[in-house]
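Each chain is listed here by its residues.
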Amino acid sequence: MPTRKKSDTAREHGDWAVPYQPADFTDFDPMAFSWTAKAPRTTLADVVHRLVEAEGPIHRQVLHLHAGEVL
């Protein structure tokens, strides 16, 4: 069985691998979010969109974890 070459740096993988950068929520106020408001979906959709845009592709379990940390 052939062995794979181990690589510890993104540089060796070409352009498709980049260092992990978490989504930026410094301007987000979690206290302004209310689950009982008439339209909490707008805020929730914004959080999901920002997470996927910054960290995607992202597994849904990781998305739930990170969204829970923000909200």
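Before any of the text, the structure's been laid out above.
Notes on the structure follow. Keep in mind the model is a prediction, meaning the values are calculated, not measured. (Residues numbered from 1 in each chain as written. Predicted model: local features only at pLDDT ≥ 70, side-chain atom pairs only at ≥ 80, totals over all residues. Heavy atoms only, no water.)

## Remarks on the pattern of salt bridges
Argument step 1. All chains considered together, the criterion is met by two salt bridges.
Argument step 2. When the shortest N-O distance is used, the salt bridge between Arg 50 and Asp 27 registers 2.6 Å. Highlighted residues: Arg 50 in helix H1 (residues 40-55) and Asp 27 in the segment before H1, separated in sequence by 23 residues.
Argument step 3. The structure contains a network of salt bridges with shared partners spanning Asp 27, Asp 46 and Arg 50. (Salt bridge = Lys/Arg side-chain N within 4 Å of Asp/Glu carboxyl O. Helix = DSSP H or I, 4+ residues; strand = E, 2+ residues; numbered from the N terminus.)

## Brief notes about the environment of Val 47
Argument step 1. Assignment of secondary structure puts Val 47 in helix H1.
Argument step 2. Along the primary structure Val 47 and Val 70 are separated by 23 residues, whereas in three dimensions their C-alpha atoms are 7.9 Å apart.
Argument step 3. What Val 47 contacts, discounting residues up to four positions off in sequence, is Phe 25, Phe 28, Ala 67, Val 70 and Leu 71. (Contact = heavy atoms within 4.5 Å.)

Purely geometric stuff here, so don't read any function into it on its own.
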